[in-house]
Amino acid sequence: MALTPEEEPLDSCPRLVSDLKFPNLLPPNPVIKILIAFCKNDPVFEALVNASHRLSLEPTFVKSAESAIDAFQNPSSGGHHIIIVDARYPRTIEAEALGRSIRNSKGSQHTTMVAVVKKSVFEKDDTAVISLLDVGYNRCIIESPHVSICSSELRQIQHSLVRPQNVISTQQALYTALHRSREAVIITDDTLRAQYANRASERVLNMKLDEIVGRSLSDLVTADISNILSHTSRYKDYDGYLTTRRKSQESSQIHVRAVPVSCIGRNPTHLVLILESSSSALVSTNAIGEALQTLPQGKEVPRGSLHSIRRGSFDVRSIASDGLRRTSLAKLSSLPLEAPITKVLSLLAQVQENCSLDEAKLLDRVMEFLKREGLYSPQMKEIRTEDPVATDLIGALLTQGPTNILSSRRSSNDSIIRGGGRPSTGSIVFNKTKESSQLSDLLQTALDWDFEIFKLEDLTEKRPLVCLGLELFRRFDVYNTFNCDEMTFKLWLIEMEKHYHSENTYHNSTHAADVMQATAVYLQQLSNRELKIMDRMDEATALIAAATHDIDHPGRSSAFLCNSDNTLALLYNDICVLESHHAATTFRLTLGDDKINIFKHLDRDMYKLARSIIVDMILATEMTRHFEHLAKFVSVFGTDVESKDPLPPDNDDNQILVRRMLIKCADVSNPTRPLKFCVEWARRIAEEYFMQTDEEKRKNLPIVMPMFDRTTCSISKSQIGFIEYIIHDMMDAWNSFIEMPEIIRYMEFNYSQWKLFEEQGINTLSDIKRKQMSLTEDTASSISLEEKF
């Protein structure tokens, strides 16, 4: 009897000559585990069970989607090679949702997923089959009660899908070896566009991995690369030297060996480049390091961190002669405030214009330190004492609070293989009803700036956060980033939305959904501009922070809580009361129930990083520090920037500034939306402020906002002042950074309309409501922005 491939000894076949030149890595050959998710034990189920036993597969049986996810994610018995899901009864097992959840689970990329469907589905409704394939199923098979047919199907799946996936899965071991190699390795396509880069390539090129991958070699070197292509196209190895463009604008000679590889067909499809730095580059780096030894050192970064590599380089374009710096400082000086650090930065900028290039570099470095967060926070030094207890005590006293994870973050792009950009996993699928069809169509526009948030509020019966959150999490690949299934995120969103107060006219879950949507649009714009300042973890945590930034908001301001001796004010000592409560509530609820704990699959360091970002972003929404955050952002990134010069290096402190500015702009984006949305949000916030004033009068409390009396307040005037003093400068700076001119056009148009309303005497709530009715009736008024500009 002939041996099956699984039973054949490894050395029974003679090795090919090609295998000796390019050795293969033997794939894993375990017993195939199959997970069968059927809601009931019908003849089709029995046939699959018998077929599994006949083929010596190791089966696991479950009867619900939740059990299937738990079984697959089980660390000891999970990780099945084949998953068969009964897709015939969607009310019992929602196959599409289960498929998305499995695909978003860690380790599912090489799992073969099969859906069992009714015969009529194949014959009449191909869209159902296509939708199953789109969410991650590899194959759909027709239900059959015959064991022989099921055995044949499973054997075909085993040979055509499972075995090739086992072979493909071995590449992870190869990429791990490459990533740990001390030699710098870059793999390109046949046009020399980088598809992969290992960690050592960061040291040679002095760039982050995501700045290397996706770029052509011609962007990284100054030499002509046609010589490499001419050699490798004839299947000859290339051996020579190239000059790189280092970020410090210095030239560096590197030795390059290029080996052509053919993955498909006869012609080379990829090139493996091995890079070696020349000694001159090392000398140049050492010279810079010696020149900087007299400068105070910033926050300590673990050895090997991407940021520790980047901070050793200079960008000559960022010194005083650069128009960006002068423009930003000029804008900063025009703001209605001036901090001592602003004067220091202005004086240093003036000194830079009249000094040598070397001195300008050192001053530029000094200015970078001065703009960092926590400038006067104590830094831990080496403590030389014989008493370890004293060492612990002094260390604890000097490092108040948790360790600043933001300064020691690990790269979420340790090994990057160029894919197709942001993953597209489709939209939420609904049952075919009129309302669900409208909801599905609406969510298709989730990244449009004129997104109909109030229509979503109506369709979801004032619970828009869950639907919009799932859509945005899917579009930004949050499930994979957190290694967590979609069901956990869905339950988390339900719980978060439950703790928003629907009786609040403004600070409710619709506001949270609106801020989340604005955050997503900003993130998409940053990605489109390829600023490389926010990675997948940054995007995921920004969306989470936006979704929960006002959770459990009582509809009253922090000042009101302090004046009324509210328990929250007592808890937080009258300092940043509401924002502290929002951040604490987010993590108290999330960590309190494992079913909604979206952080449960993150390791400790990544969880601390995610928590630090989310807390910092939520606290940034406190308006008492508005001008401080704006001044810092303008001093680093400038405003009214017309040139396309590179942005300042994306170090930790700059990333913090961008994240804070992003959520601040999203939180108060109402005046930059289309007029009908702007007016509705203004009406809602005014009503909430009026209710607070009413309560303060009833309880004989200090009036926090005396002007917001429903009998005397002019809503139009309040919006005019809000745009003039808060929104205008901030949105100008933000637009200069992300290049979204529509926010400025809407803001200026809305500002002119509020002035017109004031002239027409449209001031009170009733006036605004009547005006809204006319805006609704005359739809042209709400879309006439393009005609005005």
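Source: prediction; values computed, not measured.

Describing the overall build of the chain
Then comes step 1: Across its full length, the chain holds 37 helices and 11 strands.
Then comes step 2: Here the chain, with 789 residues, has 50% of them falling under the buried criterion.
Then comes step 3: Contacts in the chain between residues at least 24 apart in sequence constitute 70% of all its contacts with a sequence separation of at least 6.

Some details on unusual backbone geometry
Then comes step 1: The backbone of aspartate 477 sits at a positive phi, close to 55°, despite the residue not being glycine.
Then comes step 2: Mapped onto the secondary structure, aspartate 477 falls in the loop between α21 (464–475) and α22 (478–482).

Regarding the packing of helix α3 (residues 65–73) against helix α4 (residues 95–103)
Then comes step 1: For the pair α3 and α4, interaxial distance at closest approach is 10 Å and the crossing angle is 15°. In terms of orientation, α3 lies roughly parallel with respect to α4. Read as a crossing pair, α3 and α4 show a hand that is right-handed. Side by side, α3 and α4 meet where Ala65, Ala68, Ile69 and Phe72 of the first sit next to Leu98, Ser101 and Ile102 of the second.
Then comes step 2: Partitioned by chemical class, the residues of the contact of α3 with α4 number six nonpolar, one polar and no charged.

Here we look at the nonpolar core
Then comes step 1: Residues Phe473, Phe482, Tyr522 and Trp734 are the most contacted members of the largest nonpolar core, which totals 112 residues.
Then comes step 2: Here this core gets 11 residues from one element, more than from any other, and that element is helix α33 (residues 715–738).
Then comes step 3: In contact with tryptophan 734, not counting residues within four places along its chain, are Tyr522, Phe633, Val658, Met661, Leu662, Cys665, Glu739 and Ile743.

Considering the UniProt feature "binding site: Zn(2+) 1" (unreviewed entry) in the chain
Then comes step 1: According to UniProt, the positions carrying the feature "binding site: Zn(2+) 1" (unreviewed entry) are His511, His549, Asp550 and Asp667. In three dimensions, the annotated residues from a span of 157 residues occupy one location, with a maximal C-alpha spread of 9.9 Å.
Then comes step 2: With respect to the helices and strands, histidine 511 occurs in helix α24 (residues 509–528).
Then comes step 3: Given the relative accessible area of 0%, histidine 511 is considered buried.
Then comes step 4: The contact partners of histidine 511, leaving out residues within four places of it in the chain, are Tyr506, His549, Asp550, Asp667 and Trp681.
Then comes step 5: Within the secondary structure, aspartate 667 sits in helix α31 (residues 652–667).

Here's the deal with the pattern of salt bridges
Where charged atoms of side chains with opposite charge meet at close range, the side chains can pair.
Then comes step 1: Following the criterion strictly, the structure yields 28 salt bridges and no others.
Then comes step 2: A salt bridge links arginine 474 to glutamate 486; the shortest N-O distance between them is 2.5 Å. Taken as a pair, arginine 474 in helix α21 and glutamate 486 in helix α23 (residues 486–498) lie far apart in primary sequence, 12 residues in all. Across this residue pair, the class does not change: arginine 474 and glutamate 486 are buried.
Then comes step 3: Among the ionic contacts, a cluster of salt bridges with common partners joins Arg100, Glu471, Arg474, Arg475 and Glu486.

Quick look at the UniProt feature "binding site: AMP" (unreviewed entry) in the chain
Then comes step 1: Following the UniProt record, the feature "binding site: AMP" (unreviewed entry) maps to His507, Asn508, Ser509, Thr510, His511, Asp550, Asp667 and Gln719 here.
Then comes step 2: With respect to the helices and strands, the residue asparagine 508 is situated in the loop between α23 and α24.
Then comes step 3: Of the residues examined, asparagine 508 reaches a relative accessible area of 6% and is grouped as buried.
Then comes step 4: In this structure, asparagine 508 is in contact with Tyr500, His501, Ser502 and Arg684, ignoring residues within four places of it in sequence.
Then comes step 5: A polar atom in the side chain of asparagine 508 sits 2.8 Å from the backbone oxygen of asparagine 504.
Then comes step 6: Beyond its immediate chain neighbours, meaning those up to four positions away, aspartate 667 contacts Tyr506, His511, Val515, His549, Asp550 and Thr621.
Then comes step 7: Reaching out from aspartate 667, the side chain makes a polar contact with the side chain of histidine 511 at a distance of 3.1 Å.

Let's talk about empty space enclosed by the protein
Then comes step 1: One pass over the full model with this rule turns up four cavities of 30 Å³ or more.
Then comes step 2: In this model, the second largest cavity occupies a volume close to 50 Å³.
Then comes step 3: Every element with two or more residues in the lining of the second largest cavity is listed here: α2 (43–54), β5 (139–142) and α7 (147–169).
Then comes step 4: For the lining of the second largest cavity, the leading source of residues is α7, giving three residues.

As for the packing of α23 against helix α28 (residues 577–591)
Geometry of a packed helix pair, given as the angle between the helix axes and the separation of the axes.
Then comes step 1: Their axes nearest at 11 Å, the elements α23 and α28 cross at an angle of 135°. Between α23 and α28, the angle is such that the two are oblique. Seen along the crossing, α23 lies across α28 with a hand that is right-handed. Taken together, the residues of α28 that come into contact with α23 (itself represented by Trp492, Glu495 and Met496) are Thr586, Leu589 and Thr590.
Then comes step 2: When grouped by side-chain class, the residues that make up the contact of α23 with α28 number three nonpolar, two polar and one charged.

Some words on the side chain of serine 216
Then comes step 1: By the secondary structure assignment, serine 216 is in the loop between α10 (209–212) and α11 (217–220).
Then comes step 2: For serine 216, the contacting residues outside a window of four places in its chain are Thr191, Leu192 and Arg193.

Details of the packing of aromatic side chains
Then comes step 1: Counting across every chain of the model gives 23 aromatic pairs.
Then comes step 2: Ring centres of phenylalanine 587 and phenylalanine 599 lie 5.4 Å apart, and the angle between their planes is 10°; on these two criteria the pair is classed as stacked. Of this pair, phenylalanine 587 sits in helix α28 while phenylalanine 599 is found in the loop between α28 and α29 (604–619), placing the two residues 12 residues apart along the sequence.
Then comes step 3: Owing to a relative accessible area of 4%, phenylalanine 587 belongs among the buried residues under this scheme.
Then comes step 4: Using a relative accessible area of 3% as the deciding quantity, one classes phenylalanine 599 as buried.
Then comes step 5: The side chain of lysine 40 reaches across the aromatic face of tyrosine 89, ending 4.6 Å from its centre.
Then comes step 6: Note that arginine 684 overlies the ring of tryptophan 681, its terminal NZ or CZ placed 5.6 Å from the centroid.

What to know about the sheet that holds strand β4 (residues 112–117)
Then comes step 1: Read across the sheet, five strands follow the order β2-β1-β3-β4-β5 without closing on themselves; strand pairing throughout is parallel. Two strands bound the open sheet, and with one partner strand each, they are β2 (58–62) and β5. If you compare each strand with its neighbour and ignore which way they point, the axes differ by 20° on average.
Then comes step 2: Relative to β5, β4 runs parallel, the two being bridged by four bridges. Bridging across to β5, valine 116 finds its partner in isoleucine 141.
Then comes step 3: Contacts from α3 reach β1 (33–37), β2 and β3 (82–86) within the one sheet, and its direction differs from that of β1 by about 165°.

So, the pairing of strand β7 (residues 194–197)
Then comes step 1: Here three bridges tie strand β6 (residues 184–189) to β7, and the two strands are oriented antiparallel to one another. Bridging from a neighbouring strand, threonine 188 pairs with alanine 194 of β7.
Then comes step 2: The antiparallel pairing of β6 with β7 creates a hairpin that spans four residues between the two strands, and leucine 192 there sits at a positive phi of about 70°.

Some words on helix α25 (residues 536–548)
Then comes step 1: Between its first and last C-alpha atoms α25 spans 19 Å; for 13 residues at 1.5 Å apiece the expected length is 18 Å, and the two agree.
Then comes step 2: Among the residues making up α25, those that are buried are Met537, Asp538, Glu539, Ala540, Thr541, Ala542, Leu543, Ile544, Ala545, Ala546, Ala547 and Thr548.
Then comes step 3: Sitting at the head of α25, aspartate 535 places a side-chain oxygen 3.1 Å from the backbone nitrogen of methionine 537.

Side note on the environment of aspartate 653
Then comes step 1: For aspartate 653, the location among the structural elements is in helix α31.
Then comes step 2: The class of aspartate 653 is buried, set by a relative accessible area of 5%.
Then comes step 3: Residues aspartate 653 and glutamate 368 lie 285 residues apart in sequence; the distance between their C-alpha atoms is 9.4 Å.

Some points on α3
Then comes step 1: Looking at α3, one finds that the buried residues are Ala65, Ala68, Ile69, Ala71 and Phe72. Projected down its long axis, α3 shows its buried positions confined to an angular sector of 165°, all on one face.
Then comes step 2: In this structure, the buried residues of α3 make contact with β1, β2, β3 and α4.

Reading guide: rules and limits
- By convention here, each chain's residues receive numbers from 1 onward along its written sequence.
- In keeping with the model being predicted, local features are shown solely for residues with a pLDDT of at least 70 and side-chain atom pairs are shown and tallied solely at 80 or more, while totals for entire chains, interfaces and linings include all residues.
- Only hydrogens and water are removed before side-chain values are computed, so all heavy atoms of the structure are retained for them.
- Starting at the N terminus, helices and strands are each numbered in turn, a helix being any DSSP run of H or I of at least four residues and a strand any DSSP run of E of at least two.
- Burial classes follow relative accessibility: with a 1.4 Å probe on protein chains only, a residue under 20% of its type's maximum area counts as buried, one over 50% as exposed, and anything between as partly exposed.
- Note on definitions: a residue-residue contact is assigned when non-hydrogen atoms from the two residues lie within 4.5 Å.
- Under this scheme, a helix contributes an axis fitted over its contacting stretch, all axes are lines through C-alpha atoms, and angles between N-to-C directions fall in the 0 to 180 degree range.
- An angle counts as roughly parallel when it lies under 35 degrees, as roughly antiparallel when it exceeds 145, as roughly perpendicular when it falls between 65 and 115, and as oblique in every other case.
- Left-handed describes a crossing in which the near helix is turned anticlockwise from the far one by less than a right angle; the clockwise case is right-handed.
- Put simply, Ala, Val, Leu, Ile, Met, Phe, Trp, Tyr, Cys and Pro go in the nonpolar bin, Asp, Glu, Lys and Arg in the charged bin, and everything else, Gly too, in the polar bin.
- Joining through side-chain atoms within 4.5 Å is the link that ties buried Ala, Val, Leu, Ile, Met, Phe, Trp, Tyr and Cys residues into a set, and such a set is a nonpolar core.
- UniProt positions are given in the numbering used here, feature names are shortened, and annotations may be inferred rather than shown by experiment.
- Every case where a carboxyl oxygen of Asp or Glu lies within 4 Å of a side-chain nitrogen of Lys or Arg is listed as a salt bridge.
- A 3.5 Å cut-off defines polar contacts: any pair of N or O atoms within that distance qualifies, except that in protein one atom must be a possible hydrogen donor and the other a possible acceptor, and neighbouring residues in sequence count only when both atoms are side-chain atoms.
- Buriedness for pockets is judged along seven lines, at least five of which must meet protein on both sides within 12 Å for an open set on the 1 Å grid over protein atoms alone, while cavities are sets there where a 1.4 Å probe fits but cannot get out, and lining residues have an atom within 4 Å of a point.
- Grid points are joined across faces, edges and corners, and a volume is the space filled by probe spheres set on the points.
- Each Phe, Tyr or Trp ring, with Trp reduced to its six-membered ring, pairs with another whose centre is within 6.5 Å; inter-plane angles below 30 degrees give stacked pairs, above 60 give edge-to-face pairs, and intermediate values give tilted ones.
- Our definition puts a charge over a ring when NZ of Lys or CZ of Arg is within 6 Å of the ring centre and also within 35 degrees of the ring normal.
- At least two DSSP bridges between two strands are needed for those strands to be called paired.
- Multiply 1.5 Å by the residue count of a helix minus one, and that product is the helix's expected span.
- Within this analysis, the arc is defined by the directions that extend from the helix axis to the C-beta atoms.

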